[in-house]
Each structure stands twice: as structure tokens, then as C-alpha cells.
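An overview of the molecular structure
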Amino acid sequence: MEITDVICHVLLLPDLHAEDTDGSQDDIVVEIHTDEGIIGIGESDTNPWGARAIIESPTIHTMALGLKDMLIGQDPLQVEALWERMYVGSMHYGRRGLGINAIGALDMALWDIKGKALGVPCWQLLGDEQQPFIKPYASLQPRGKDLDSYSKSLAEWAVRAKEYGFPAAKLEVTLSGPYAHHGLDEPAESVPEVVRVCREAVGPDFVLMVDVQYTWSNARDCLRTLKRLEEFDLFFIETPLQMDDIDGIAFLHDNLNIRIAYGEWQTTRFEFIELMDRGKIDVAQPDVGRVGGLTEAKRVCDLAADRDRLIVPHCWKSGIGIAASVHMAITAPNCAYVEYLPAELCHSALRRELVEEDLCMENGVIPLPTKPGLGVELNRDTVERLRSPV
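A short tour of the structure in this document, coming up. (Residues numbered from 1 in each chain as written. Predicted model: local features only at pLDDT ≥ 70, side-chain atom pairs only at ≥ 80, totals over all residues. Heavy atoms only, no water.)

**Describing the packing of helix α10 (residues 268-277) against helix α12 (residues 294-306)**
In contact at an axis separation of 9 Å, α10 and α12 are set at 25° when each is read in the N-to-C sense. In terms of their interaxial angle, α10 and α12 are classed as roughly parallel. Here α10 runs over α12; the crossing is right-handed. Together, Thr268, Arg269, Phe272, Ile273 and Met276 of α10 and Glu296, Arg299, Val300, Leu303 and Ala304 of α12 make up the contact between the two elements. (Axes fitted to C-alpha atoms, helices over the stretch in contact; angles between N-to-C directions. Helix = DSSP H or I, 4+ residues; strand = E, 2+ residues; numbered from the N terminus. Parallel < 35°, antiparallel > 145°, perpendicular 65-115°, else oblique. Left-handed = near helix turned anticlockwise from the far one by under 90°. Contact = heavy atoms within 4.5 Å.)

What follows is the structure, given as C-alpha cells:
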């Protein structure tokens, strides 16, 4: 079998809201075609135009080979070897960041091809250990341009998630900082008050997580607010400090009785090694597309297991990424939950309509997928309707 073509789709919602901190409004979807008619699909949560440019960029020299050029004519079943080929061949311009995000989408599609070619779901190819099912948590981003409406919206969504059958939910409580929602700029003491409203709404037995999206630039200021969240029995607090303050993250770990979770932006296992060893995070959150695909995400899971750290993958895109996260999680015994943007609790047509026969939750869990590959296929009508004109 040989790869014959690589096609990129940049997708965009027509009612884009640039002021929202919402990555479900756009997507880069790749298709890898083979001479046997098998097509693999993948995606990555990154700038879609940038990822497309990197994938389609022609070869310049031996240290700057084009990703598409490196795949054409190759055997798609040699997934790990192709990951190394792309990583080494793009080292001059890639190595981290957007280059790895682009490799991640392609690697995801290669695993999809391999599963389809062998007639088995991807998780059966990723490792010997397996979980009997996967627990999803509902990832909730509220609406509201003032503190009161924001708080009420988040509490209502949390109650809906519980009623829908989710065993857990994550609250986006981003009231200030560089990525504040809807232009909010509330004082730090508002954060525990919003969490209190949500905890009271869902009761003491429902698992809650909180994401504050890099709100603080100073670890000691951050700690003063986070200490007030300890009473709410949170499973973790996600990304409280800006990403490059690794020593500050370690300081929070040493002084807070809540698990610290990071990793949604990390690319390659090498960045996770620093985050776990120096930053002392409790929960690693590889995003399958961003980190470099299923090949690299599984390596991160293994490294986390070696260090007795939990895995809870980040996933804020479509049913393609959710499927990839589930396949990865099945073979990672240290994976406690997967992030799941519920189609029923989401405004994004990309999340609701991009794939046919989405992986769904049943009785609070996601059963093991049985279809070959990732187990999802593109809705071609949605791809055409949401294709970006540029």
C-alpha cells in the first residue's frame, strides 16, 4: 500500500466570534489517500491556515523537507517510522509548536488508515493494556458578558451535564487575564464565588474540575486565590499560571491541596518531561493532535505512568479528536477521564456535524469502539458547507 495524496481542509464557522476563547469555531482536517482506496482522517487544534501551509510547503533542503512530500509514495502502515521521518525531516522549521501540530493531524490519519487496513479499531494497535470503558467529563464554556450572567450560565450547564449522565464536568472560570471570556475583567475573589455557585448547584458528589486558562502571571498571587478553592473538592485546577513559568507551577504543586493539570499546548514528549519533572504537575493533558498525534500521545501516557501521574487528555474540537482521545485513553491505565465537548451542550456546528456516527456516551461511559480505525467518518456535506474561502 502507498500514500497517493494528502488533502487539507480549513473549516470555519460562518458566525465566527473572535472575542471568544473558543477553538471549536475552526479546524484543520487532513485526509491521507492510498492506492488501495483507504482514506485516513485527522485533525489538530491549532491555526488551520498555518498547519495547512506547513503540510503543503514544498521541500527546500534536507533539513526542511515538506511534510506532504515526505509521505507521498510511503507505506502508511509504518506509522511510527513515518512519524520519525516527518519529525527529523522538518526539524529546521518544525521541532515544536505548529510543525508538531501539523504532524499530529497526519499521524492521526495514518493510524486511522492502519486500523482500517487491518480491520481493527486503533486502540488494539496502540498497546496491550486496556481499560474496559472510558469516563468522559463534560467540558463547559458558559455564555455571559457580566459576572452574574456568566456564573448563572455555567451553573446551568453543569446541572444539564449532570442530568445528561456525565460523571464529571469542567468549569471554564476565566474572569480575567489574557484569555478572559467575553471581555470580562473581574477581581480574583470572584473565581471562588463562581465555583461555589456551581458546586452548590450540582451537589457534593458530582466531580468538578476548574480551568482558569493561564489567568495569573505571579505564582504567589495565584496561590492566594487557589487556596480558597480547596474547600470545593476539585479533581484538578487547570493551567492557572502562564505556560512558561515552570518553576511557578512547581511552587503551586508544593503549596496547594488540589491537583495541578497542564499540557494542552505542549508539543512532543520532551516538553512533557520538563513539565512533569521540573513543573511537578499531577495531571498531564496531552492534546492528541497538538502533541504530535497518537504516536507521541501514547509516549506521553507511558512517561506519565512511569512517574505515577494521571492522564486526562485535552480535546476541544470535533468528533475526530474525541475518537483519537478515546483510543489513546483505552490503552493508558493512568487515564482518569477524557475531555468531551458534548454536542448537545455545544453551539458549534463543527462539533455537532463534522463526523457521522460520533462516539457517544452510554450510561455515563464511552464503550470501547469496535469499528476499524478511529471509527468515525467525515460528513462531506458539512466539510463543503464550512470550508473556508481562503
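Moving on from the coordinates now.
**Regarding the sheet that holds strand β3 (residues 39-44)**
Overall, antiparallel pairing links the 3 strands, which are arranged β1-β2-β3 in an open sheet. At either margin of the open sheet sits one strand with a lone partner, and together these are β1 (3-12) and β3. Geometrically, the sheet is characterised by an average inter-axis angle of 20° between neighbouring strands, direction not taken into account. Examined bridge by bridge, strand β2 (residues 26-34) and β3 share 6 bridges and lie antiparallel to one another. (Pairing = 2+ DSSP bridges.)

**Details of the pairing of β3**
A regular strand carries its side chains on alternate faces of the sheet. β3 sits mainly inside the fold: 5 of its 6 residues count as buried. Turn length for the β2-β3 hairpin, with the two strands adjacent in sequence and antiparallel, is 4 residues, and the turn residue glycine 37 shows positive phi of about 85°. (Buried < 20%, exposed > 50% of the residue type's maximum accessible area, 1.4 Å probe, protein only.)

**Section: empty space enclosed by the protein**
According to the stated counting rule, one finds 1 cavity of 30 Å³ or more in the structure shown. Its volume calculated, the largest cavity comes out at about 60 Å³. What lines the largest cavity is simply Glu43, Ser44, Asp45, Met108, Asp287, Val288, Gly289, His314, Cys315, Lys317, Gly321 and Ser325. Each residue belonging to the lining of the largest cavity can be placed in one class, and the counts come to 3 nonpolar, 5 polar and 4 charged. (1 Å grid on protein atoms, 1.4 Å probe; cavity = no way out; pocket = protein on both sides within 12 Å on 5 of 7 lines; lining within 4 Å. Points joined across faces, edges and corners; volume = space filled by probe spheres on them. Nonpolar A, V, L, I, M, F, W, Y, C, P; charged D, E, K, R; others polar.)

**Focus on helix α3 (residues 79-89)**
For α3, every residue scored as buried is listed here: Val79, Leu82, Trp83, Met86, Tyr87 and Gly89. Contacts from the buried residues of α3 go to β1, α2 (67-71), α4 (98-118), α10 and α12.

**With respect to the pattern of salt bridges**
Per the stated rule, a full pass over the model turns up 30 salt bridges. Among the salt bridges present, the one from glutamate 193 reaches arginine 228, with a minimum N-O distance of 3.4 Å. Of this pair, glutamate 193 sits in helix α7 (residues 190-202) while arginine 228 sits in the loop between α8 (219-226) and β8 (234-238), and the two are 35 residues apart along the sequence. Residue arginine 228 is classed as partly exposed on the basis of its relative accessible area of 37%. Between lysine 280 and aspartate 254 there is a salt bridge, and its shortest N-O distance comes to 3.0 Å. Taken together, the positions of lysine 280 in the loop between α10 and β10 (283-284) and aspartate 254 in helix α9 (residues 246-255) put the pair 26 residues apart, joining distant regions of the chain. Members of the salt-bridge network, linked through shared partners, are Asp26, Asp45, Arg290 and Lys317. (Salt bridge = Lys/Arg side-chain N within 4 Å of Asp/Glu carboxyl O.)

**Here's the deal with the sheet that holds strand β6 (residues 168-172)**
Within the open sheet, the 8 strands sit side by side as β11-β10-β9-β8-β7-β6-β5-β12. Their pairing is parallel. Whereas interior strands pair on both sides, the edge strands pair on one side only; in this sheet they are β11 (310-311) and β12 (338-340). Sheet topology note: the strand β7 (residues 207-211)/β8 ladder contains 3 bridges and is parallel. Bridge pairing in β8 links aspartate 211 to glutamate 238.

**A few points about the pairing of strand β5 (residues 136-140)**
The buried fraction of β5 is high, at 5 of 5 residues. Relative to β12, β5 runs parallel, the two being bridged by 3 bridges. Following the sheet pairing, alanine 138 is matched in β12 by tyrosine 340. Relative to β6, β5 is paired through 3 bridges, and the arrangement is parallel. Across the sheet, leucine 140 pairs through a bridge with leucine 171, a residue of β6. Note on the crossover from β5 through helix α6 (residues 147-164) to β6: the handedness is right-handed. (Right-handed = clockwise from strand over helix to strand, strands pointing away.)

**A look at unusual backbone geometry**
Phi is positive for histidine 182, which is not a glycine, with a value near 55°. Looking at where histidine 182 falls in the secondary structure, it is placed in the loop between β6 and α7. The buried category is assigned to histidine 182, whose relative accessible area is 15%. Of note in the backbone geometry, lysine 280 takes a positive phi value of approximately 60° without being a glycine. According to the relative accessible area criterion, lysine 280 is partly exposed, its value standing at 31%.

Functional significance is not addressed by these values, which are geometric in nature.
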